[in-house]
Amino acid sequence: MTVSISPLKLSVFRGEADRGEMVAYSVPVREGMVVLDAVLWAQANLAPDLAVRWNCKAAKCGSCAAEVNGFPRLLCKSPVDDYAGEISVRPMAAFPLIRDLVTDVSWNYEVNKRIPEFTPPEADQHDPEPWRMQQVDVDRVIEFRKCIECFLCQDVCHVLRNHGRTDAYFGPRFMVRMASLEMHPKDGLDRRPLLKGDAGVGFCNITKCCQEVCPEHIHITDNAIIPLKERTADAYFDPIRALTRRLGRRSAG
Amino acid sequence: MDTAYETVETDVLVIGAGGAGLRGAIAAAESGCRVTVICKSLLGKAHTVMAEGGMAAALGNVAGQDSWEAHFADTMKGGKLLNNWRMAEIHAQEAPDRVLELERWGAVFDRTHSGLIHQRPFGAHTYPRLAHIGDRTGLELIRTLQDRLVHRQNVDVHMEVTVARLFASAGRIVGALAYRRADGGLLLYRARAVLLATGGAGRIYRVTSNSWECTGDGTALAYEVGAELQDCEMVQFHPTGMVWPAGVRGILVTEGVRGEGGVLRNKDGERFMERYDPERMELSSRDVVARAINSEVVAGRGTDHGGAYLDISHKSPDYIRRKLPSMYEQFLKLARVDITKGPMEVAPTIHYYMGGVRVDPETGATRVGGLFAAGEVTSGLHGANRLGGNSLTDLLVFGKRVGEAAAAHALQHGKAGAPRSPEVAEAIACLLGPLQRPEGESPYRLQAELQDLCSKYAPIIRDKPGLEEGLSRVADLAERSRTVGTGGPTGRVFNPGWHTAQDLRNMLVNAEALFRSALARKESRGAHTRSDYPNPDPSLATLNYVVSEGTEGMTVQGIGAEPIPDGLVSIINRSYEKYTPEETE
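These numbers were taken from a predicted model, which means no experiment stands behind them. Throughout, residues of each chain are indexed from 1 in the direction in which the sequence is written. Chain A is the first chain written and ligand 1 is the first ligand written, with later ones labelled in order. Given that the model is predicted, a residue must reach a pLDDT of at least 70 before its local features are reported, and side-chain atom pairs must reach 80 or more before they are shown or counted; all residues, however, enter totals for whole chains, interfaces and linings. Excluded from the side-chain calculations are hydrogens and water; all other atoms, namely the structure's heavy atoms, are used.

Right, let's talk about the overall build of chain B for a bit. The helix count covers DSSP runs of H or I at least four residues long, the strand count covers runs of E at least two residues long, and both are numbered beginning at the N terminus. Across its full length, chain B carries 16 helices and 20 strands. For this measure, only C-alpha atoms enter the radius of gyration; the expected value for a globule follows 2.2 Å times N^0.38, where N is the number of residues. Against the 2.2 N^0.38 benchmark of 25 Å for 585 residues, chain B shows a C-alpha radius of gyration of 23 Å, consistent with a compact globule. Overall size of chain B, expressed as C-alpha extent along the three principal axes, is 65 × 50 × 50 Å. Burial classes: relative accessible area under 20% of the type maximum marks a residue as buried, over 50% as exposed, and values in between as partly exposed (1.4 Å probe, protein chains only). Residues classed as buried in chain B amount to 66% of the 585 residues present. What makes two residues a contact is simply this: any of their non-hydrogen atoms within 4.5 Å. A separation of at least 24 residues holds for 75% of the contacts in chain B among residues at least 6 apart in sequence. Surface summary for chain B: the accessible area is close to 18,800 Å², and the carbon and sulfur share equals 48%. Here chain B contributes 65 positive and 72 negative side-chain charges, whose respective centroids are spaced 2 Å apart. Only the protein chains shown count as cover for residues, and the accessible areas themselves come from Shrake-Rupley with a 1.4 Å probe. Neither His nor the chain ends is counted toward charge; the positive residues are Lys and Arg and the negative residues Asp and Glu. Where a charge lies is defined by one atom per residue type: Lys uses NZ, Arg uses CZ, Asp uses CG and Glu uses CD.

Structure representation (structure tokens):
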């Protein structure tokens, strides 16, 4: 059932790191077409080496993240008829470009290795009975575990995108990751020293751009980053605690 | 043409990073081996991520009377007894432990009122058996394993690397040739054991729920290096894929919709499953439901877009959004349908390969020394039809077993052999060939033709003339593919034209195996339906069609399976107490 409407003018960034340009393609439109379909049509018919990542085409794997008319989106979840006229597609700007729409996102995988994995307390680890948890407790982390690692939140985070501070801040994706571990009913580790230190939770100044682009509608800032900031502040910057810590040190000394 | 390659040495090479590959890699690493995992995509993007409904295990948390025996019996009956009974037995017995283990590694599941892992009903499972989290259980599984893996010692993950050839020497696996997508660089892996976990070949069809990478790489690699394939005619049509709009045709609609109470109706509003399986209705096995929808459409009772209506809107909107969040989102965004208010339109879509590499049921060993396989790339567990939810526990149960077996093999065989250099040179020439043929035919065109012909000549209902026509067309395509190009540009940096040419090679092997096996099986059983042999033939119930490479090309041979032991036969024939759900909502 192919319904022919007037063709779509699709421009796609083509090129490698230091050189590239927007190239226009005329693509026939089908009912229900998403931007990824348009890009793949151009690839199969006009530009066989057009580099684009995609896997599931069902918004479940997070591979086809790019910037559509300047807005970070999943290409497979962007219906063509959401846009009037021309559609332009560019690669994510926060990551080094490999070619065309494909960027080098390997830094994210390195960051994940630095976050200590799920670690239940000793007693739970050796509990011979199946674990019991209440739905209400599980519901708190379910939201974070919906993350499909498209890295759109990393792309739009100004700490990473505009200031390039990959040395100082793990980025929203990994705040969500840490929230999913810290708030897991059976996790026993304390990641607050990491949050305050290398993970750099203090670098987020709550502009909520990450939250706005999340295709899974995770309330990244509200439900993950702010509570993590509070936990960290509670541990390190509570004035009464700071005072008792100093007094404790003095009396111990 | 730059034919240089880097050499990587490892103990266990795991090819594929879905559920089976990751679980296998963890098992091999925890056995003390150095492990290298090759992902065709980025880590965590494998097709497992799309599994929705849940993982089947007889935990008995919702129905206390569930048991491994009941799970085993359901699996065998669902597979029309073509299953390898030992695999089905192992799977049913070990699945609960693997699910609980995953929870101990941090996986989060929906809970029962008493705080245990909740289990939902699914097609042809006697009891509610699917541990799940909403409708994104595969994501939970893959993320948990991914995180566990990257924190193990002695594990390297090579992302966006595709294996083009396996090498064996004196009947033993010695290594693999691969290329890196990012820069087109070549890699020669030398390994003491190889674990294939590359999934299925759903992309040989036009309308499929499968992701980009499901091009049957593992089956083709195993076949070419001397392993046997089996049951390649058994391709599962999932009853419910999206049908409209055209652009989203084939995308999966989880069986969880029916598990949660969704009903199927034809265009006249009739709940037609009453005519096909009055007992189990919408929760009949997938082969039955898929054929039922197909029959309704053929009889002119289909929807405008050639499907059936699937309706869950009688449940409360809150319940639907909580239990089926990604279905809600998928239909709202892609079809502009609010499933809390009205029905979805669905039709069968290619979903799963029951057939694949023939393996030892205990260890996943193939007949090539040191070559092991686990997950969808193998055959046996699911017989002629897979039950929903059995795939995810397949990955965990056999991923672990096969990972351990591969590690044991690697530790026993001190030194990795070396691939013979003429073979390596030939494989490199073959891999780089399309880059030297800018004028060659477009790989995209050949791939599209293959998808069209598989869809047309090996559809849900098959017959001899169609299958013969399909086989002959596959042969023509295979001939044309010898001179396939990249579509023009010949750069090696992330050139998908080149990648498609390589995938095409594997898809053609899978398509040939499908047509030859489908011609050989002269009966209807499970997913394999022949209009010219409409009934099951009891004498073929214990016969597997086995594909291997002969001197004259591909051969298919019927091989009798080991009979099911009496003890297990009585478990299959036992009558299981019917489950009556308590009202939970």
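All names here are of chain B. The assigned domain composition of chain B is domain 1 (238-351) and domain 2 (438-542). Just so you know, the domain bounds were taken from an automatic or database domain assignment. Centre-to-centre separation of domain 1 and domain 2, based on C-alpha positions: 28 Å. On the domain 2 side, the residues contacting the 5 residues of domain 1 number 5 residues. The term buried area means the drop in 1.4 Å probe accessible area that two parts suffer when joined, counted for both and summed. When the two sides are added together, the surface that domain 1 and domain 2 hide from each other amounts to roughly 370 Å², 65% of it contributed by carbon and sulfur. Contact with domain 2 buries surface across domain 1, with D287, R291 and N294 losing the most and accounting together for 87% of the total. Top contributing element to the side of domain 1 that touches domain 2 by residue count: helix α8 (residues 286-298), with 4 residues. Looking at the side of domain 1 that touches domain 2 residue by residue, the classes come out as 2 nonpolar, 1 polar and 2 charged. Charged means Asp, Glu, Lys or Arg here, nonpolar means Ala, Val, Leu, Ile, Met, Phe, Trp, Tyr, Cys or Pro, and polar covers whatever is left, Gly included.

Another point: the sheet that holds strand β3 (residues 65-68) of chain A. Where strands meet in a sheet, backbone hydrogen bonds hold them as pairs that are either parallel or antiparallel. Residues and elements named next belong to chain A. Pairs of strands are assigned from DSSP output, requiring at least two bridges between the strands. Spatially, 5 strands are ordered β2-β1-β5-β3-β4 in an open sheet, and the strand pairing comes out mixed. The two strands at the open ends of the sheet, each matched to only one other strand, are β2 (19-27) and β4 (71-74). The mean inter-strand angle of the sheet, taken between neighbouring strand axes irrespective of direction, is 35 degrees. As defined by bridge partners, strand β1 (residues 8-16) adjoins β2 across 9 bridges and the pair is classed as antiparallel. Axes here refer to lines fitted to C-alpha atoms; in helices the fit is confined to the stretch in contact. Angles between the N-to-C directions go from 0 to 180 degrees.

Moving on: the interface of chain B and chain A. Counting residues at the interface gives 66 residues for chain B, matched by 66 residues for chain A. At the boundary of chain B with chain A, total buried surface from both sides reaches about 5,300 Å², with 53% on carbon and sulfur atoms. Considering only the side of chain B, the residues that lose the most area to chain A are B:K45, B:R104 and B:R111, jointly responsible for 13% of the buried surface there. We count a salt bridge whenever a side-chain nitrogen from Lys or Arg sits within 4 Å of a carboxyl oxygen from Asp or Glu. For B:E52, the salt bridge is made with A:K60, and the minimal N-O distance between the two is 3.1 Å. Between N or O atoms, a polar contact is any pair within 3.5 Å; within protein, one atom must be a potential hydrogen donor and the other a potential acceptor, and residues adjacent in sequence are included only when both atoms are from side chains. Remark: the boundary between chain B and chain A carries 43 residue pairs in polar contact (both at pLDDT 80 or more).

The next point concerns the pattern of salt bridges. If you walk through the whole model with that rule in mind, you get 77 salt bridges over all chains. A:E182 is the salt-bridge partner of A:R191, the closest N and O atoms lying 3.0 Å from each other. The same class applies to A:R191 and to A:E182, which are both buried. For the salt bridge of B:R367 with B:E228, the shortest nitrogen-to-oxygen distance reads 3.3 Å. With B:R367 in the loop between β15 (356-357) and β16 (371-373) and B:E228 in the loop between α5 (217-224) and β10 (229-230), the pair connects residues that are 139 residues apart, well separated along the chain. Assessed through its relative accessible area of 17%, B:E228 is described here as buried.

This paragraph deals with the nonpolar core. Nonpolar side chains in soluble globular proteins generally cluster together in the buried interior. In this structure, A:L10, A:L75, B:V35, B:L166 and B:L371 are the most contacted members of the largest nonpolar core, which totals 209 residues. Element by element, the count of residues in this core is highest for helix α11 (residues 390-412) of chain B, at 10 residues. Beyond its immediate chain neighbours, meaning those up to four positions away, B:V35 contacts B:T10, B:V12, B:V14, B:A25, B:A28, B:A29, B:N154, B:V155 and B:D156. Here, nonpolar core means buried Ala, Val, Leu, Ile, Met, Phe, Trp, Tyr and Cys residues that are tied together by side-chain atoms lying within 4.5 Å of each other. With 29 residues, the next largest nonpolar core counts B:F237, B:A501, B:L514 and B:F515 among its residues.

Residue and element names in this part refer to chain B. In terms of burial, α5 is a largely internal element, 7 of the 8 residues being buried. Of the residues making up α5, those classed as buried are D217, G218, T219, A220, L221, A222 and Y223. Trailing α5 by a residue or two, G226 shows a phi angle of about 110 degrees, which is positive.

Glancing now at the packing of helix α1 (residues 19-30) of chain B against helix α4 (residues 137-150) of chain B. Residue and element names in this part refer to chain B. Relative orientation of the contacting elements α1 and α4 amounts to 25 degrees, with a least axis distance of 9 Å. Accordingly, the angle class assigned to the pair α1 and α4 is roughly parallel. In the crossing of α1 with α4, the sense of the turn from one axis to the other is left-handed. On α4, the residues that touch G19, L22, R23, A25, I26 and E30 of α1 are L141, I142, L145, Q146, R148 and L149. Class assignment of the residues belonging to the contact of α1 with α4 gives a composition of 7 nonpolar, 2 polar and 3 charged. Every angle not falling under 35 degrees, over 145, or within 65 to 115 is termed oblique; those three ranges are roughly parallel, roughly antiparallel and roughly perpendicular. Throughout, a crossing is termed right-handed when the near helix is turned clockwise from the far one, and left-handed when it is turned anticlockwise from it by less than a right angle.

Before going further, it helps to examine the sheet that holds β10(B). Residue and element names in this part refer to chain B. Spatial ordering of the open sheet is given by β15-β10-β19-β20, a layout of 4 strands whose pairing is antiparallel. Only two strands of the sheet have a single partner each, and these edge strands are β15 and β20 (553-560). Where β10 meets β15, 2 bridges bridge the pair, whose relative direction is antiparallel. If you follow Q230 over to β15, its bridge partner there is G356. Running at roughly 45 degrees to β20, helix α15 (residues 496-520) makes contact with β10, β19 (543-550) and β20 of the sheet.

For the rest of this paragraph, the subject is the domain arrangement of chain A. Residue and element names in this part refer to chain A. For chain A, the assigned domains read domain 1 (8-103) and domain 2 (106-240). Computed from C-alpha atoms alone, the centre-to-centre distance between domain 1 and domain 2 is 30 Å. Tallying the contact residues gives 16 residues for domain 1 and 16 residues for domain 2. Together, the buried faces of domain 1 and domain 2 total about 1,100 Å²; carbon and sulfur atoms form 63% of this surface. Contact with domain 2 buries surface across domain 1, with P72, A94 and F95 losing the most and accounting together for 38% of the total. On the surface where domain 1 and domain 2 come into contact, there are 1 salt bridge. For E67, the salt bridge identified is with R161, shortest N-O distance 2.8 Å. Taken together, domain 1 and domain 2 are joined by 4 residue pairs in polar contact (both at pLDDT 80 or more). For the side of domain 1 that touches domain 2, the secondary-structure elements that each account for two or more residues are β3 and β4. The biggest single contributor to the side of domain 1 that touches domain 2 is β4, with 4 residues. Partitioning the side of domain 1 that touches domain 2 into residue classes produces 11 nonpolar, 1 polar and 4 charged.

A few words now on the packing of aromatic side chains. Two aromatic rings from Phe, Tyr or Trp, using only the six-membered ring of Trp, form a pair when their centres are within 6.5 Å; if the ring planes differ by under 30 degrees the pair is stacked, by over 60 it is edge-to-face, and anything between is tilted. The full count for this structure, using the stated rule, is 7 aromatic pairs over all chains. An angle of 75 degrees between the planes, with centres 6.0 Å apart, marks the rings of B:Y205 and B:F237 as edge-to-face. Of the two residues, B:Y205 sits in the loop between β9 (186-196) and α5 while B:F237 sits in strand β11 (residues 235-242), which places them 32 residues apart along the sequence. Taking the relative accessible area as the measure of exposure, B:Y205 reaches 2% and is therefore buried. Given a relative accessible area of 13%, B:F237 falls into the buried group. Positioned over the ring face of A:Y236 is A:K196, at 4.9 Å from the centre of the ring. Here B:R386 stacks its cationic end above the ring of B:Y352, 4.1 Å away from the centre of that ring. Think of it as a cone above the ring: NZ of Lys or CZ of Arg counts as a charge over the ring if it is within 6 Å of the ring centre and within 35 degrees of the ring normal.

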